[in-house]
Amino acid sequence: MARYAREVAVVAFAQSDHLRRTDELSEVEMVMPVLHQVLAATGLKAGEIGFTCSGSSDYLAGRAFSFTMTLDGVGAWPPISESHVEMDGAWALYEAWVKIQTGEADTALVYSYGKSSPGSVRDVLTRQLDPYYVAPLWPDSVALAALQAQALIDAGETDETGLAAIGARSRASAGANPHAQLSGAVAQGPYQVAPLRTGDCPPIGDGAAAVILAAGDVARRLCERPAWITGIDHRIEAHSLGLRDLTDSPSTRIAAEHAGVFEAPVDTAELHAPFSSQEVVLRKALGLGGDVAVNPSGGALAANPMMAAGLIRIGEAAARIHRGESDRAVAHATSGPCLQQNLVAVLEGDRA
Amino acid sequence: MSTSAATGKEPVAIVGIGQTKHVAARHDVSIAGLVREAAARALADAELTWADIDAVVIGKAPDFFEGVMMPELYLADALGAVGKPMLRVHTAGSVGGSTALVASNLVAARVHRTVLTLAFEKQSESNAMWGLSLPVPFQQPLLAGAGGFFAPHVRAYMRRTGAPDTVGSLVAYKDRRNALKNPYAHLHEHDITLEKVQASPMLWDPIRYSETCPSSDGACAMILTDRAGAARSPKPPAWLHGGAMRSEPTLFAGKDFVSPQAGKDCAADVYRQAGITDPRREIDAVEMYVPFSWYEPMWLENLGFAEEGEGWKLTEAGVTELDGDLPVNPSGGVLSTNPIGASGMIRFAEAALQVRGQAGEHQVPDARRAMGHAYGGGAQFFAMWLVGAEQPTS
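Here the structure is a predicted model, which is why all the values come from computation and not from measurement.

### Observations concerning the overall build of chain B
Piece 1. Helix and strand counts for chain B come out as 14 helices and 11 strands.
Piece 2. A compact globule built from 394 residues should have a C-alpha radius of gyration of about 21 Å, and chain B, at 19 Å, falls within 12% of that.
Piece 3. Oriented by its inertia axes, the alpha-carbon framework of chain B measures out at about 55 × 50 × 45 Å.
Piece 4. For chain B, the proportion of its 394 residues judged to be buried stands at 65%.
Piece 5. Of the contacts formed within chain B by residues at least 6 apart in sequence, a portion of 77% connects residues at least 24 apart.

Spelled out as structure tokens, the structure:
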């Protein structure tokens, strides 16, 4: 606990049911139930929260300043101390965690959301590539992930059977997750972009998540078994795929070292691996053995709401600690093509 | 929930500042080239190298302005961020200010020791007016850019305070003259006169063409560091004495668009942190976010520099002139330079330049404490900081 100035824990987590499309819901309507759930879980009111931070993407919403509308749903009156990252909500949680470390807040509300259904998310994501040299070619996210998967196969790190097993295991685990979009026996399906088949790819869907963080004794008061964030760090790599070894994730490894992952064994890992092949890369970077429960929630292969899927990994890991099903978990979030940017957090429960 | 500090924060020093010469279109550089130019200048100012930077915090306004989704991913290489943490902040027009505050928190919390923060907009890559005007079902359209949204609130201010309609042009005339002393400012109108401002076309009544901000390409960067970093600084650092952000909803019946409560609360928090009880007397220079000239008198009241209804009198009396009692926007302000996502950070950086004594021709003599202010959205997001020449004592 001495790594940082203050003890900070995840004390509540809520997520929406993740659905292929939510035409009947605005983003505000999608977010409000999860906000109400995490607040109800702690008994806090919006006005009692010390800091609020959210993550979302204007490009998914199809309009500028899209987050201003969801802020209205928070009920920011009287005015609140608030911020927003144009990133997955896991990074909003990081900003909130830093804010609590300064001592300026004792609690934080973190939320994120994304609706992929209104457009073609494969096309939309091409717009986050180098705008001068790469984006004009419209290489889509599945094609880029397929390059990474093929590089892994060529390096002898996995094969198509191994990849299929990851998808099957994830969706089987998701059978116990009422919020998952895909669960049970899901067919591996035809190639999307070889070597990736449908079963190796995440479902496209809409969803939202929210977390409440609290410091020290406030956390102990709000939660029976707080999920203490004993380490958290994030790192980015070069953007260009030609500058990276796609079979490795050095940014995940550096973040894990700074977060203290390797200082003691973990029993649970919630990995933000939208493609089965990316789990192979992350397992290696995090040094996860066969005894670690990887993505017991089903992970991003069971539900991948853009901008929320990373925050959900932290929330799912924390919820297992809250329930007493884990003592030391690692949670991971990613952003950018082929795992360019990665966040790693270690969550621990007090031992009985 | 109280916000009592469990531990003392690390003092934060600004030791490097860099910006580009802001222009309508930088055809000679890519987005990466633009941000790298500002970052390299900030590093040179601090006499540091890329290797000295522990983390990068970047901000800009909507991604639709350049047509690049989450451009920080592509900019990681250009900003020397590979292998480091990189955060991307987006809080609408206040983003340049809030980006600097998120970066300062990393140092204050002792998570990182030296942080590069940068904000940019390369508006020539796209069209900001249309970027703001994408139609969304069941939501209020903003089809005439920001001016159409803010003009009615200026009218409300005039009606509420009885301000004469000459005040807006006084602000524009002042800021455009101040910009002539700032080599980085976008608009250098050497032949500016008050009559020319007053004769310029009416765009959104009562806002005239010369009372609006330009559309700029530009970037601004700062190096923030801890006490040890400040001790190594070759030039005098600026010290952070207080910083805060406040947000309120866009649209609701109780909102005061003339003087939003979030702005008042944000300023009050900054003054409390900095030990300021009389901002008008204790603050030597203010860089405030004035994209339309009438927002100077409006913010003078909102920030507590004037009583309600009295802000325009300070402007009219010349108090806010560069040689006045309370210089406002000595740099020329947003009215002279507006790379939207960077505009807030430029305000913060100019405040720091003033207390470092590095503001050149637009230096306010003996400025010891200066304020940087930014706002955004429907006048709903606020970010402010107060910097001083001395290290804070508490």
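### A short note on the pairing of strand β4 (residues 107–115) of chain A
Residues in a regular strand point their side chains to alternate faces of the sheet.
Residues and elements named next belong to chain A.
Piece 1. The element β4 is extensively covered by neighbouring structure, given that nine of its nine residues are classed as buried.
Piece 2. Side chains Thr107, Leu109, Tyr111, Tyr113 and Lys115 project from β4 onto one buried face, and the interleaved Ala108, Val110, Ser112 and Gly114 project onto a second face that is buried too.
Piece 3. In terms of strand pairing, strand β2 (residues 51–55) meets β4 through five bridges, oriented parallel. Considered in β4, the bridge of Thr52 is made with Leu109.

### As for the packing of helix α1 (residues 27–42) of chain A against helix α3 (residues 67–74) of chain A
All names here are of chain A.
Piece 1. Between α1 and α3, the least distance of the axes is 9 Å, while the angle of their chain directions is 35°. Crossing angle aside, the handedness with which α1 passes α3 is right-handed. Residues Glu27, Val28, Val31, Met32 and Leu35 of α1 lie in contact with α3, whose contacting residues are Met69, Thr70, Gly73 and Val74.
Piece 2. The residue makeup of the contact of α1 with α3, split by class, is six nonpolar, two polar and one charged.

### Observations regarding the pattern of salt bridges
Residue and element names in this part refer to chain A.
Piece 1. Enumeration over the complete set of coordinates arrives at 49 salt bridges over all chains.
Piece 2. Linking Glu325 and Arg320 is a salt bridge whose minimum nitrogen-to-oxygen distance equals 3.6 Å.
Piece 3. With relative accessibility at 16%, the residue Arg320 sits in the buried group.

### With respect to helix α3 (residues 95–108) of chain B
Given 3.6 residues per turn, any residue in an α-helix points the same way as the ones three and four places further on.
Residues and elements named next belong to chain B.
Piece 1. Compared with the 20 Å implied by 1.5 Å per residue over 14 residues, the 19 Å span of α3 between its first and last C-alpha is a close match.
Piece 2. Counted residue by residue, α3 has 14 buried out of 14 residues, so it is predominantly covered.
Piece 3. Arg110 sits one or two residues past α3 and shows a positive phi near 60°.

### Observations concerning the pairing of β2 of chain A
Residues and elements named next belong to chain A.
Piece 1. Most of β2 sits inside the fold, with five of its five residues counted as buried.
Piece 2. Both faces of β2 are covered, namely the face carrying Phe51, Cys53 and Gly55 and the face carrying Thr52 and Ser54.
Piece 3. In terms of strand pairing, β2 meets strand β3 (residues 82–85) through four bridges, oriented parallel. If you follow Ser54 over to β3, its bridge partner there is His84.

### Comments concerning the packing of aromatic side chains
Residues and elements named next belong to chain B.
Piece 1. All told, the structure shown has 21 aromatic pairs over all chains when counted by the stated rule.
Piece 2. Residues Phe150 and Tyr295 carry aromatic rings whose centres are separated by 5.6 Å and whose planes lie at 80° to one another, so their mutual orientation is edge-to-face. With Phe150 in helix α5 (residues 145–161) and Tyr295 in helix α11 (residues 295–302), this pair connects stretches of sequence that are 145 residues apart. Residue Phe150 shares its accessibility class with Tyr295, and that shared class is buried.

### Quick notes on the environment of Ala42 of chain B
Residue and element names in this part refer to chain B.
Piece 1. Structurally, Ala42 can be placed in helix α1 (residues 31–46).
Piece 2. Residue Ala42 is classed as buried on the basis of its relative accessible area of 0%.
Piece 3. Separated by 27 residues in sequence, Ala42 and Val15 place their C-alpha atoms 8.4 Å apart.
Piece 4. In this structure, Ala42 is in contact with Gly16, Ile17, Gly18, Ala221, Met222 and Ile223, ignoring residues within four places of it in sequence.

### Here we look at the interface of chain B and chain A
Piece 1. Contacts between the two partners involve 61 residues from chain B, matched on the other side by 64 residues from chain A.
Piece 2. Together, the buried faces of chain B and chain A total about 5,500 Å²; carbon and sulfur atoms form 64% of this surface.
Piece 3. Counting every contact that joins chain B to chain A gives one salt bridge.
Piece 4. Close ionic contact of Glu104 of chain A with Lys9 of chain B constitutes a salt bridge, the shortest N to O distance being 2.6 Å.
Piece 5. When contributions to the side of chain B that touches chain A are tallied by element, the ones reaching two or more residues are α2 (72–75), β3 (86–89), α3, β8 (238–247) and α9 (261–274) of chain B.

### Quick word on the environment of Glu189 of chain B
All names here are of chain B.
Piece 1. Here Glu189 shows up in the loop between α6 (167–179) and α7 (194–199).
Piece 2. Remark: the alpha-carbon pair of Glu189 and Ala179, spanning 10 residues in sequence, is separated by 8.3 Å.
Piece 3. Discounting residues that sit within four places of it in the chain, Glu189 has contacts with Arg176 and Leu180.
Piece 4. At 3.3 Å, the side chain of Glu189 forms a polar contact with the side chain of Arg176.

### Some words on the packing of helix α4 (residues 89–101) of chain A against α3 of chain B
Piece 1. Two elements in contact, α4 of chain A and α3 of chain B, have axes separated by 9 Å at closest approach and are oriented at 55°. In terms of orientation, α4 of chain A lies oblique with respect to α3 of chain B. At the point where α4 of chain A passes α3 of chain B, the crossing takes the left-handed sense. For the pair α4 of chain A and α3 of chain B, the contacting residues are Tyr94, Glu95, Val98 and Lys99 of chain A in the first and Val102, Asn105 and Leu106 of chain B in the second.

### Some thoughts on unusual backbone geometry
Piece 1. Residue Pro78 of chain A follows Trp77 of chain A across a cis peptide bond; omega there is -5°.
Piece 2. Examined against the element boundaries, Pro78 of chain A turns out to sit in the loop between α3 and β3.
Piece 3. Positioned with a positive phi, Arg110 of chain B is a non-glycine residue whose angle comes to about 60°.
Piece 4. As for its placement among the helices and strands, Arg110 of chain B is situated in the loop between α3 and β4 (114–122).
Piece 5. Take Arg110 of chain B: its relative accessible area is 46%, and that puts it in the partly exposed class.
Piece 6. A positive phi is found at Ala379 of chain B, a non-glycine position, where the angle reads about 50°.
Piece 7. Among the structural elements, Ala379 of chain B can be located in the loop between β10 (369–376) and β11 (381–388).

### Description of the nonpolar core
Piece 1. Judged by nonpolar contacts, the single largest core of 89 residues is most densely connected at Tyr111 and Ile212 of chain A together with Tyr271, Tyr295, Leu303 and Phe305 of chain B.
Piece 2. When sequence neighbours within four positions are dropped, the list of residues in contact with Ile212 of chain A reads Ala9, Val10, Val11, Ala12, Val38, Leu39, Thr42, Leu44, Ile49, Ala108 and Leu109 of chain A.

### A short note on helix α6 (residues 141–154) of chain A
All names here are of chain A.
Piece 1. Over its 14 residues, α6 extends 20 Å from the first C-alpha to the last, a length consistent with the 20 Å expected when each residue adds 1.5 Å.
Piece 2. Within the span of α6, buried status applies to Ser141, Val142, Leu144, Ala145, Ala146, Gln148, Ala149 and Leu152.
Piece 3. Looking at the buried side of α6, the elements it contacts are α5 (121–126), α7 (160–173), β5 (191–193), β6 (196–197) and α10 (276–286).
Piece 4. Where α6 terminates, the next one or two residues include Gly156, which has phi positive at roughly 75°.

### Side note on the side chain of Ser343 of chain B
All names here are of chain B.
Piece 1. When you line up the elements, Ser343 lands in helix α14 (residues 340–356).
Piece 2. Ser343 sits in the buried class, given a relative accessible area of 0%.
Piece 3. Setting aside residues up to four positions removed in sequence, Ser343 forms contacts with Tyr289, Val334, Thr337 and Asn338.

### Some remarks on the confidence of the model for chain B
Residue and element names in this part refer to chain B.
Piece 1. When the pLDDT values of chain B are averaged, the result is 94; 95% of them are 70 or greater.
Piece 2. When the criterion is pLDDT under 50, residues 1–6 qualifies, and its contacts beyond four places in sequence or with other chains add up to 16 contacts.
Piece 3. Across the predicted assembly, pTM comes out at 0.97 and ipTM at 0.98.

Criteria and cut-off values
- Residues numbered from 1 in each chain as written.
- Chains lettered and ligands numbered in written order.
- Predicted model: local features only at pLDDT ≥ 70, side-chain atom pairs only at ≥ 80, totals over all residues.
- Heavy atoms only, no water.
- Helix = DSSP H or I, 4+ residues; strand = E, 2+ residues; numbered from the N terminus.
- Rg over C-alpha atoms; globule rule 2.2 N^0.38 Å.
- Buried < 20%, exposed > 50% of the residue type's maximum accessible area, 1.4 Å probe, protein only.
- Contact = heavy atoms within 4.5 Å.
- Pairing = 2+ DSSP bridges.
- Axes fitted to C-alpha atoms, helices over the stretch in contact; angles between N-to-C directions.
- Left-handed = near helix turned anticlockwise from the far one by under 90°.
- Nonpolar A, V, L, I, M, F, W, Y, C, P; charged D, E, K, R; others polar.
- Salt bridge = Lys/Arg side-chain N within 4 Å of Asp/Glu carboxyl O.
- Expected span 1.5 Å × (residues − 1).
- Phe/Tyr/Trp six-rings, centres within 6.5 Å; stacked < 30°, edge-to-face > 60°.
- Buried area = accessible area lost by both parts, 1.4 Å probe.
- Polar contact = N/O pair within 3.5 Å; in protein donor to acceptor, adjacent residues only side chain to side chain.
- Parallel < 35°, antiparallel > 145°, perpendicular 65-115°, else oblique.
- Core = buried A, V, L, I, M, F, W, Y, C linked by side-chain atoms within 4.5 Å.
- pLDDT = per-residue confidence, 0-100.

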